[in-house]
Amino acid sequence: MNFKHIFFKLALVFTLGLLGKANAQDIKWAKDGNSYYEVSQGELVSISLPQNERKTIVSRNLLYSSGNSGLNDIKSFQISEDGTKVLLYTNSKKVWRYETRGDYYVADLKTNQVTQVGKDKPASSLMFAKFSPDGNKVAYVSRHNLYVDDLMTKTSKALTTDGTDRLINGTFDWVYEEEFDCRDGFRWSPDGQSIAYWQLDASKIKNFLMIDNTDSIYSFTIPVEYPKVGENPSSCKVGIVNIASAKTNWLDVPGDQIQNYIPRMDWIPASNEVILQQLNREQNVSKLFVADAGSGEVKNIYTETDKAWIDVAKGWDWINGGKEFIWMSESDGWRHLYRISKDGKKHTLITQGNFDVIENSLIDEKNGQIYFIASPTNATQKYLFKTKLSGGKAEMVTPSILKGTHSYEISPNGVFARHTYQSAIVPPITEWMKLTTLNPLTMEGSITNQLGRMKPPKNKVEFFKVTTEDGVELDGWMKKPDNFDQTKKYPVVFYVYGEPASQTVTDTYGAGRNWLYAGDMPKDGYIYISVENRGAPAPKGREWRKSIFQKIGTLNIRDQAMAAKKIMEWPFVDKNRVAVWGWSGGGSSTLNLMFQYPEIYKTGIAIAAVGNQLTYDNVYQERYMGSPLKTKEAYVKGSPITYAKNLQGKLLYIHGTGDDNVHYQNAEMLINELIKNRKVFQLMSYPNRTHSINEGEGTSEHLALTYTEFLQRNCPPGGR
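The protein chain is annotated in an unreviewed UniProt entry as S9 family peptidase from Pedobacter ginsengisoli.

Have a look at this one:
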């Protein structure tokens, strides 16, 4: 659920603010890997390594000449394969979560001219525009249809004409975007003669109607195509459209188009074949198919099953001239990298051992190596490793002295990297380095030099482990009050998420900081704690992550409560002042903790919570809880409304009425249960605010003040 854990998104915004705007997006490397591109002061520049020499590629004068009055700040850009043209994205607008529609311009570096793409289309309506392999055409989506502009003849052609608000070509419906991270829905063929694209038919998806009471004297409804638990998803298929004829040939993918998902698809390099991943409705069978784009014939080359669920692929990295690809699988109980032959007959385990690969960083085929992120001994941290493509023992690349979380953006040739380091006590710092020698490009900008100039915080975040009475060891972090006195007892505030979408206990900057508290928690005298329950996506193996299957709202809640029970035995913890809070999935966990373990949690603040799991979308909920036709009892057992009658403590419930993700109906269902059982609580509704509750003047500040006042009043700070 990409947006369900919204508080992680907001925390990330804080972190990226510290990193600086340039670090908030991936590096646009040149093909040779010896330089990269960036927008600087309104110009597109190239920066060569290691000297950091800057060269203007597209000047400000060219971009903002009088003839290009519609071109505003550049949001992103793409360089053509031959390097002679630049595709510029501007005037971006939101589609649900992200600004994925806008205007596109092409800057021709040979003619020194800038022309608008799709100028006959409505303003800011173009999506995912991209060059053809030869750079002479640009394809894009506008209003659910695919188009191609020929830059040489200055003509435009519609490749599909049947797109409507519910028949979606080249992009996706609400739930595919939210839960599969699907947005860009088309791919140029390697020869540039055709395009593979998704088509979703959402015509049978029911609308969920949100009510807007504030933007007009008369209220009106806002429909959202939203498949609830148990409702059929959109029909999905993949077509190959010929650029010259605009005719589509549909791939003959086996299986029902409604009861199966196709979350990933791409071309096999230098071929006329497409590879795609299909997941069944329950998402516990993953099949890889290779399709002939000409005939539409499809062959199943690889099948994987799991008793719980299978995660969506990150994509395919091809090696050995397109004869093999790198694949990530948990089939042996750990998340590992494999190399698989194109026909699926040969599988080779690359990363070996009882540890998880967190992500694949770079394939250095020339030197027969693969770089990846892992942390075999500490699930709260991340380090760079490498091993042979043929398989073998992993070698740690990151210096072991730098404990914490590391990320690397590595050049395509494996020579250079931008290395970012952070921990709970070190704000994100970045160095440019030569990966082949592990030396920084300049000592002045090295991480070691930057660390030497930092003053360590007086009150550090502490990491700990707690073993519950069930014998489960859980990671946690704790921020104690300033001037902590171990002879006194302090209130504890638990920060919880608890579902499979994200971790809370990571050795990253911001751990121990409550960004919603309007004040200084350590100074005021709170102990702030977060504990990671089973089911969180920590690198602790398949059994850890998937033990929560069909047990959201029960297993994770018990882990949290049993950890809190042990923590309450600490001599400096005040058992009578224990609070818990969370957002979205964390809001659901907060409610369940307050209702299922009222003897532990005295105060709770739940924001944008799923009160009834049967109201949420089918992709997320069915993935982790199974089909409600078979497991409805598990849904009921895990839903907070089932236990609302047990409320004893002080509860503040917060929700935006314009939440298209976790609908406000969850709040009203919960309110009804609380009213029925005569349970007194506080409610704060934010009119027309979405899941992030940050729209409108003063909203974020008001939310923080409301949160803080309630916490201080019901769980007073300070040692006693």
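Anyway, onward from the coordinates.
S.K.: Hey, could you run me through the pattern of salt bridges in this one?
M.R.: Pairs can form between side chains of opposite charge whenever their charged atoms are close. Considering all chains together, one arrives at 33 salt bridges under this definition. A salt bridge links Lys130 to Asp184; the nearest nitrogen and oxygen atoms lie 2.9 Å apart. With Lys130 in strand S9 (residues 126-131) and Asp184 in the loop between helix H3 (174-180) and strand S14 (186-188), this residue pair connects regions lying 54 residues apart in the sequence. Its relative accessible area of 25% is what places Asp184 among the partly exposed residues. In this structure, Glu409 and Arg418 form a salt bridge, with 2.7 Å as the shortest nitrogen-oxygen distance.

S.K.: How should the environment of Ala379 be read in this particular structure?
M.R.: Tracing the chain through its elements places Ala379 in the loop between strand S29 (369-374) and strand S30 (383-388). With relative accessibility at 11%, the residue Ala379 sits in the buried group. For the pair Ala379 and Asp470, spaced 91 residues apart in sequence, the C-alpha to C-alpha distance is 20 Å. What Ala379 contacts, discounting residues up to four positions off in sequence, is Asp475, Gln503, Ala538, Pro539 and Lys540.

S.K.: How should the sheet that holds strand S37 (residues 473-479) be read in this particular structure?
M.R.: Think of a sheet as strands paired side by side through backbone hydrogen bonds, with each pair either parallel or antiparallel. One open sheet accounts for 8 strands, arranged S36-S37-S39-S38-S40-S41-S42-S43; its pairing is mixed. Looking along the sheet, the strands with just one partner apiece sit at the ends: strand S36 (462-467) and strand S43 (682-686). On average, each strand axis in the sheet is tilted by 20° relative to the strand beside it, whichever way the strands run. Of the pairings in the sheet, the one linking strand S42 (residues 650-656) to S43 comprises 5 bridges and is parallel in character. Looking at S43, one finds that His655 is bridged to Ser685. Here helix H12 (residues 699-714) sits on the sheet in contact with strand S38 (490-495), strand S40 (573-583), strand S41 (603-607), S42 and S43, set at roughly 175° to S43.

S.K.: Would you take a moment to explain the pairing of strand S18 (residues 235-242) for this structure?
M.R.: One face of the sheet, then the other: side chains in a regular strand alternate in exactly this way. S18 sits mainly inside the fold: 6 of its 8 residues count as buried. Inspection of the sheet shows strand S15 (residues 194-201) paired to S18 by 8 bridges, in the antiparallel sense. Among the inter-strand pairings, Ile195 is bridged to a residue of S18, identified as Val241. Pairing geometry for S18 and strand S19 (residues 248-250), over 3 bridges, is antiparallel. Along S19, the bridge assignment pairs Val241 with Thr248. Between S18 and S19, which pair antiparallel one after the other, the connecting turn spans 5 residues, and Ala246 there sits at a positive phi close to 60°.

S.K.: Can you help me understand the UniProt feature "domain: Dipeptidylpeptidase IV N-terminal" (unreviewed entry) in the protein chain in this one?
M.R.: Here the UniProt feature "domain: Dipeptidylpeptidase IV N-terminal" (unreviewed entry) sits at residues 80-428. Secondary structure across residues 80-428 divides into 2% helix and 49% strand, with the first and last C-alpha atoms of the span separated by 33 Å.

S.K.: For this particular structure, what's the right way to read the sheet that holds strand S22 (residues 285-292)?
M.R.: Spatially, 4 strands are ordered S20-S21-S22-S23 in an open sheet, and the strand pairing comes out antiparallel. Unpaired on one side and paired on the other, strand S20 (260-267) and strand S23 (298-305) mark the two borders of the sheet. The mean inter-strand angle of the sheet, taken between neighbouring strand axes irrespective of direction, is 20°. Taken together, the 6 bridges between S20 and strand S21 (residues 273-280) define a ladder with antiparallel strand orientation. In the strand pairing of S21, Arg264 is matched with Gln277.

What counts and how
- Residues numbered from 1 in each chain as written.
- Predicted model: local features only at pLDDT ≥ 70, side-chain atom pairs only at ≥ 80, totals over all residues.
- Heavy atoms only, no water.
- Salt bridge = Lys/Arg side-chain N within 4 Å of Asp/Glu carboxyl O.
- Helix = DSSP H or I, 4+ residues; strand = E, 2+ residues; numbered from the N terminus.
- Buried < 20%, exposed > 50% of the residue type's maximum accessible area, 1.4 Å probe, protein only.
- Contact = heavy atoms within 4.5 Å.
- Pairing = 2+ DSSP bridges.
- Axes fitted to C-alpha atoms, helices over the stretch in contact; angles between N-to-C directions.
- UniProt positions renumbered as here; feature names shortened; annotations may be inferred.

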